[in-house]
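# Per-entry structural report
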Amino acid sequence: MKSQALQELIKSIFSSDETKKQFESDPISVLSRFSLTEQEKKAVLSVHAKFGLVSMNSPQLEAAIKADVNWFSAPQV
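Residues numbered from 1 in each chain as written. Predicted model: local features only at pLDDT ≥ 70, side-chain atom pairs only at ≥ 80, totals over all residues. Heavy atoms only, no water.

Of regular secondary structure, the protein possesses five helices and zero strands. When the elements of the protein are put in sequence order from the N terminus, they spell out α-α-α-α-α. For the protein, the residues scored as buried account for 30% of the 77 residues in total. When contacts within the protein are restricted to residue pairs at least 6 apart in sequence, long-range pairs at least 24 apart make up 51% of them. Surface accessibility of the protein: about 5,100 Å² in total, with carbon and sulfur atoms responsible for 52%. (Helix = DSSP H or I, 4+ residues; strand = E, 2+ residues; numbered from the N terminus. Buried < 20%, exposed > 50% of the residue type's maximum accessible area, 1.4 Å probe, protein only. Contact = heavy atoms within 4.5 Å. Areas by Shrake-Rupley, 256 points an atom, 1.4 Å probe, with all protein chains shown as cover.)

Take a look at the structure:
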C-alpha cells in the first residue's frame, strides 16, 4: 500500500476494537476521519463488501486494495 492515510486507516481498524466495531456498523463515518482520496474510499468499501474485515496482515486484503485502487486510478480514455 502506498497511501499513508490508507495504512493509518487499516492500522486503526485492527488496533482498536472500538474503531473496528464502528467500521462494521458505519464504515463511511470511519473513512471520513482519514485523508483518503475518493478512489481509496471506494477501494476500501469495495474490499469490505467483498471480504468483510480480515486481518491487517492478510495478503488478500492488500491485493484487493491494490487492485481496486489501480482500477479506480486508471487513466480515463
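We now examine the pattern of salt bridges. In this structure the tally under the stated criterion is one salt bridge. One salt bridge connects K41 with E38, and the closest N-O pair in it is separated by 3.5 Å. A residue pair is termed a helical-turn pair when its members lie 3 or 4 positions apart in one helix, as K41 and E38 do in helix α4 (residues 38–51) at three residues. Residue classification places K41 among the partly exposed residues on the basis of a relative accessible area of 23%. You can call E38 partly exposed: its relative accessible area is 47%. (Salt bridge = Lys/Arg side-chain N within 4 Å of Asp/Glu carboxyl O.)

So, about the environment of K20. Considering the arrangement of structural elements, one finds K20 in helix α2 (residues 17–25). K20 gets classed as partly exposed once you look at its relative accessible area, which sits at 29%.

Moving on: the confidence of the model for the protein. For the protein, the mean per-residue pLDDT works out to 76, and 65% of the residues sit at or above 70. Mean pLDDT in the protein bottoms out at helix α5 (residues 59–72), which sits at 58, and peaks at helix α3 (residues 27–31), which reaches 93. (pLDDT = per-residue confidence, 0-100.)

Right, let's get into α4. End to end, α4 covers 20 Å across 14 residues, agreeing with the expected 20 Å (1.5 Å per residue, within 8%). Among the residues making up α4, those that are buried are E40, A43, V44 and V47. Burial along α4 is one-sided: seen end-on, the buried residues are contained in an arc of 95°. Downstream of α4 by a residue or two, G52 has a phi angle that is positive, lying close to 70°. (Expected span 1.5 Å × (residues − 1). Arc of directions from axis to C-beta.)

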